[in-house]
Amino acid sequence: MTKFRFSENNNGIGVTVHEADLSLGLTPSQILQIQELLNRYKVVIFKNQNLNDDQLSEFAFRFGPPFVPDKNFPVLGSQDSGNSIVIVGNQANEYSKSYLGHQEVLPHSDHQWLKCPSSASLLYALDIHLNSAPTVWFDMVQAYNMLDSEIKSIIEEINSITYNPFYRPFGSVSAKYVDRDIDIPPGDTFPHPLVRTHPLTKEKILYLNIAYELDFVGVPYKVGNELFSKLYDHIINLSYKYEHQWHNGDLVFWDNRSTIHYRPSFDSSIRRVLKRVTIAGEMPY
Ligand SMILES: O=C(O)CCC(=O)C(=O)O
Ligand SMILES: [Fe+2]
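How each quantity is defined
Residues numbered from 1 in each chain as written. Chains lettered and ligands numbered in written order. Predicted model: local features only at pLDDT ≥ 70, side-chain atom pairs only at ≥ 80, totals over all residues. Heavy atoms only, no water. Donors = N, O, S within 2.8 Å, 3.2 Å for Na, K, Ca; no water. Helix = DSSP H or I, 4+ residues; strand = E, 2+ residues; numbered from the N terminus. Buried < 20%, exposed > 50% of the residue type's maximum accessible area, 1.4 Å probe, protein only. Pairing = 2+ DSSP bridges. Axes fitted to C-alpha atoms, helices over the stretch in contact; angles between N-to-C directions. Contact = heavy atoms within 4.5 Å.

Novice: Give me the coordination of the iron ion (ligand 2): which residues, what numbers.
Specialist: Protein-derived coordination of the iron ion (ligand 2) comes from H108 (NE2), D110 (OD) and H261 (NE2), at a distance range of 2.1 to 2.2 Å. Of note, the donors binding the iron ion (ligand 2) are all from one chain and are spaced H-x1-D-x150-H. In this pair, D110 is assigned in the loop between β6 (105-108) and β7 (120-128) and H261 in strand β17 (residues 259-263), connecting sequence segments 151 residues apart. Its relative accessible area of 4% is what places D110 among the buried residues. For H261, a relative accessible area of 8% puts it in the buried group.

Below you can see the structure in the form of structure tokens.
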């Protein structure tokens, strides 16, 4: 087979690839096709996969090297050093430890607080029971495009700092514009452009999470806080989203530069276990 058939979802974000058995490996033209689909649709969905850890990593690392956590800067799963596969689950089980529990996970891009945040990630559904939570991805290229030109010109010049939530008790952080005169969150910080450029598509991206503590470099608190709440409302009301209802065997590959993702809370007694593999990225520009 040379190229895969695919069908797009609504709103330009999300595409489902048909009749792919990723355990068989990929031809160069299929790898290029999937990269093109990721660039264009930002979230690429494969159904009914049956992959062991080697096959999962082999698929993922066609698209870039593994993201390796630096022990000085905590991230999800970095306690298990050396393993590039992290369990995203609500019940500890035979798959070893489990992370992220059952609580709401607010809209964020992974590792935005690091010098080099990851470029993309994959979640592979292993054990999903009825009525667990979906995952929702927001298209942050469209979030940028939909801003009015005045805001665009203001934010073009701004760098933002996302504070590492893993220095705080797990699950205790929610979106908050930081007042540096009162409290500076712990940990080293790495400012990044609030409007970043996608290295492959050259598109501009509103690079802003609405999940963690953050601020804008050199911007007075009041001005920054107002700007943040405007951008927050803008993102919350964005219609360019893709919501994925999980089934066992689903593999979802997403662009972590051009999207943020969200998960609602769900009943802790409903089992929901996925494996996540993450691909390294560059310093945003
Ligand atoms: O559980 C989910 O749906 C998403 C979790 C998440 O944010 C992640 O794996 O990066
Ligand atoms: Fe995440």
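Novice: Describe the sheet that holds β6, listing the residues and the values that go with them.
Specialist: In a beta sheet, neighbouring strands are held together by backbone hydrogen bonds and run either parallel or antiparallel to one another. Taken in spatial order, the four strands line up as β6-β17-β8-β15 in an open sheet, and their pairing is antiparallel. The sheet terminates laterally at β6 and β15 (241-244), the two strands that pair on one side only. The average undirected angle you get between the axes of adjacent strands in this sheet is 15°. Inspection of the sheet shows β6 paired to β17 by two bridges, in the antiparallel sense. Of the residues in β17, the one forming a bridge with H108 is H261.

Novice: Can you break down the sheet that holds strand β18 (residues 272-279) residue by residue, with the values?
Specialist: Read across the sheet, eight strands follow the order β1-β2-β3-β16-β7-β18-β4-β5 without closing on themselves; strand pairing throughout is mixed. Both outer strands of the open sheet, β1 (5-8) and β5 (99-100), are each paired with one neighbouring strand and no more. Pairing between β1 and strand β2 (residues 15-18): four bridges, direction antiparallel. For S7, the partnering residue across the bridge sits in β2 and is T16. Contacts from helix α2 (residues 53-60) reach β3 (43-46), β4 (85-89), β7, β16 (251-255) and β18 within the one sheet, and its direction differs from that of β18 by about 40°.

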